[in-house]
Amino acid sequence: MTDSGSGATALRSSYLGVLTEADVGRSLRLAGWLHRRRDLGGLLFLDLRDRSGLLQVSVGPDWTEPASLAVADTLGHEDVVAVEGEVVARPDPNPEMATGAVELRAVKVERLNAAATPAIPVYRGPEDELPSEERRLKHRVLDLRRPELQENLALRHRLILAVRNYMDSVGFVEVETPILTKPTPEGARDFVVPSSEHPGEFFALPQSPQIYKQILMVAGFDRYFQIARCFRDEALRADRQLEFTQIDVEASFVGVDDILTWMEGLMARLASVGGVEAPLPFPRMTWDQAMDRYGSDRPDLRWELEITDFTATLDGLDFRVTQSAIDAGGRVRGFRLPGGSSLSRKQIEAIEEQAKSAGAPGLLWAKRTDDGGSGPLSRFLSDDHWSAMGAEVDDLFLLAAGPDRVTSPALDAVRAAAIAALDLPRVREHAWLWVTDFPVFEIDDDGSLAPNHHPFVQPSAGHLDTLESDPEGARGEAYDLVYDGTELGSGSIRIHDADLQRRIFHLLGLGDHEIEEKFGFLLTALAAGAPPHGGVAFGMDRIVQRFAGASSLRDVIAFPKTTAARALFEGAPVPLSPGDLADLGLALRAPPVPVPESE
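Cut-off values and rules
Residues numbered from 1 in each chain as written. Predicted model: local features only at pLDDT ≥ 70, side-chain atom pairs only at ≥ 80, totals over all residues. Heavy atoms only, no water. Salt bridge = Lys/Arg side-chain N within 4 Å of Asp/Glu carboxyl O. Helix = DSSP H or I, 4+ residues; strand = E, 2+ residues; numbered from the N terminus. Buried < 20%, exposed > 50% of the residue type's maximum accessible area, 1.4 Å probe, protein only. Pairing = 2+ DSSP bridges. Expected span 1.5 Å × (residues − 1). Contact = heavy atoms within 4.5 Å. Axes fitted to C-alpha atoms, helices over the stretch in contact; angles between N-to-C directions. Polar contact = N/O pair within 3.5 Å; in protein donor to acceptor, adjacent residues only side chain to side chain. Patch = residues over 30% accessible without salt bridge, like charges linked within 9 Å, V, L, I, M, F, W, Y side chains within 5 Å. Areas by Shrake-Rupley, 256 points an atom, 1.4 Å probe, with all protein chains shown as cover.

Peer 1: I tried to follow the pattern of salt bridges on my own but got confused; where do I start?
Peer 2: As enumerated under the stated definition, the model contains 43 salt bridges in all. Between Arg111 and Asp79 there is a salt bridge; the shortest N-O distance is 3.1 Å. Linking Arg111 in strand S5 (residues 102-113) with Asp79 in the loop between helix H1 (66-73) and strand S4 (80-89), this pair joins segments that are 32 residues apart in sequence. For Arg111, a relative accessible area of 31% corresponds to the partly exposed category. One salt bridge in this structure joins Asp257 and Arg284, with 2.7 Å as the shortest N-O distance. Of this pair, Asp257 sits in helix H6 (residues 256-274) while Arg284 is found in strand S11 (residues 284-286), placing the two residues 27 residues apart along the sequence.

Below, the structure is given as structure tokens:
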């Protein structure tokens, strides 16, 4: 346990898991939960547990008071117990316990509180299987007693403490922004809160402090940060929760290099706490380069496998699939996998399924063999083609043909699947990367423009004059931090000119009335004299998850929601009574009755 205190309080002298041979001879009062009980006839051994670890307590007729012997004989698992006695050396040290060299020889044993029979087991050995996650979340109070979860939350505490210390050291001030705020479109549905003081009117819970931190820059705070709670009403998965914590940062009179340099220092500080390497400076790659080389804006650079463009080599090939894609303005790209011919057809088909799941119609493949080649594409390839592709015997080629918007996500999926199938070695243990110069806009499902990050990103100087004529080509001063293929955070230099911000809103399809209604307070602030400013926000939950090696965000959050957006332990959400709804000026509309299909 990393703790500078002894744990001494009115009811105990020390934590359990910190005692060593140096404590032999001390008389102590200790307390914790009964973790394990072993009855050896004349002797009783109790393993007590607190958040610092375990300690063995020996109870015997030669040194324990008779009343305490009776209490010890009736203790059950997870009872809350206090013991008094002397620390002695264990005659049979246990090297698997941090306190295995000592034990407490108990003179007194007291049950402070009895525990009901645990609904799920608290102690898990390495050979035991955990109960289902749903069952563990329903009984979270017991699940949280597991050492792994307590260690994860202790790591979270240390990381947040390191954030505050580092940000203070480089001149940032922590400012809290409102939780009850105004609905603004930021890419997900808002959680709304009805106002009983103003019936029919609603607050929203913030998706991020984005607008407030920009306003703080206009107000002159210069360097701001916050450990911010944020809320998004959207579908959940292993790396997303309805409510989450982010490290929120903003600074004035800065450029991209300033923000990235500060944040590299922050990540290096956090990595040292988490036991992870973070060599500085982090490499940088533009969004266009990342998509071209890896098919993803969050590539995992622990492996060096890159996409190759075979369009020029295969242009003119007597193969309809590749030629029609090229004629339509697309490309033929993919991977050359040395030694990949060892993969079976079944394995290649499994990789192809990954490409299809990512949106590609299929995958082209060819193996270079001693007698020519095999695979659907190979019969169209001449020796000149093989040579131009750099093919050697036993190579496997996995290619996708079409527009980049289709093939890039497919090849990203193929890359991950091929790395796993071939068990390719890592070239580095951990990989940090800044991806920069993101598009300002993306095309929504309905064909309209949508912000790629958010609508406040400053377009790059060379794209200001072509925003209206070529919005898809516009690049902005936006950046993401990627760690081992996971996006840890995003940021940008912000628009500080009210007229430019209004132009962006117009391009996004907002009319003047809607702009004023939703963002008028921001435009008013910018018009008051906004300095150039920029910032970033990192997902605190993701950082803890990655540094802890946890498989899910739910393992680094004390009381998480399920993927069905429910809090099982406390039983939320719940319906409101008609009276409560009436107090808020609300009424529930009955769901529509389904109309049977005509036969």
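Peer 1: Quick question: what am I supposed to make of the pairing of strand S1 (residues 27-39) here?
Peer 2: Successive side chains on a regular strand alternate, one facing one side of the sheet and the next facing the other. In the sheet, S1 pairs with S4 via 7 bridges, with the strands oriented antiparallel. Note that in S4 the partner of Leu28 across the bridge is Gly85. In this structure, S1 lies alongside strand S2 (residues 44-50), joined through 6 bridges in antiparallel fashion. Counterpart to Asp39 in the pairing with S2 is Leu44.

Peer 1: Just checking my understanding: could you explain helix H4 (residues 147-169) for this structure?
Peer 2: Residues separated by three or four positions in an α-helix point in the same direction, a consequence of the helix having 3.6 residues per turn. Look at H4: 33 Å from first C-alpha to last across 23 residues, which is about the 33 Å you get at 1.5 Å a residue. Burial in H4 covers these residues: Leu149, Asn152, Leu155, Arg156, Leu159, Ile160, Ala162, Val163, Tyr166 and Met167. On the buried face of H4, the contacting elements are helix H3 (140-143), strand S9 (223-231), strand S10 (243-252), H6 and helix H15 (540-548). Looking at the residues trailing H4, positive phi occurs at Gly171, about 90°.

Peer 1: Teacher, can you tell me more about the sheet that holds strand S14 (residues 364-369) here?
Peer 2: Two modes of strand pairing occur in sheets, parallel and antiparallel, and in both the strands are linked by backbone hydrogen bonds. Pairing is antiparallel in the open sheet, where 5 strands are placed in the order S12-S13-S16-S14-S15. Either end of the sheet is taken by a strand with one partner, and the two such strands are strand S12 (308-309) and strand S15 (372-374). Pairing of S14 with S15, which is carried by 3 bridges, proceeds in the antiparallel orientation. If you follow Arg368 over to S15, its bridge partner there is Gly373. Along the sheet, helix H12 (residues 404-422) makes contact with strand S13 (331-337) and strand S16 (396-402), crossing S13 at roughly 10°.

Peer 1: What should I look at first to understand the side chain of Gln56 in this one?
Peer 2: Turning to its location among the elements, Gln56 is positioned in strand S3 (residues 53-59). Overall, Gln56 belongs to the buried group, its relative accessible area being 3%. Here the side chain of Gln56 touches Glu103 through a polar contact of 2.7 Å, side chain to side chain. If we skip the residues at most four places from it in the chain, Gln56 touches Arg38, Phe45, Leu46, Asp47, Arg90, Met97, Glu103 and Leu104.

Peer 1: How should helix H5 (residues 210-218) be read in this particular structure?
Peer 2: Within H5, 7 of the 9 residues are buried, which leaves it mostly tucked inside the rest of the structure. Where H5 is concerned, the buried positions are Gln210, Ile211, Lys213, Gln214, Leu216, Met217 and Val218. Packing partners of the buried residues in H5 comprise S9, S10, helix H14 (512-527) and strand S22 (533-539).

Peer 1: Please clarify how a nonpolar patch on the surface should be interpreted in this entry.
Peer 2: On the surface, Val141, Phe559 and Phe569 cluster together into a nonpolar patch covering about 270 Å² of accessible area. Turning to its location among the elements, Val141 is positioned in helix H3.

Peer 1: Would you explain the environment of Leu510 in this entry?
Peer 2: Within the element layout of this structure, Leu510 appears in the loop between helix H13 (498-507) and H14. Take Leu510: its relative accessible area is 15%, and that puts it in the buried class. Distance from Leu510 to Ser387, taken between C-alpha atoms, is 54 Å for residues 123 residues apart in sequence. Excluding residues within four positions of it along the chain, Leu510 makes contact with Phe505, Ile515 and Phe519.

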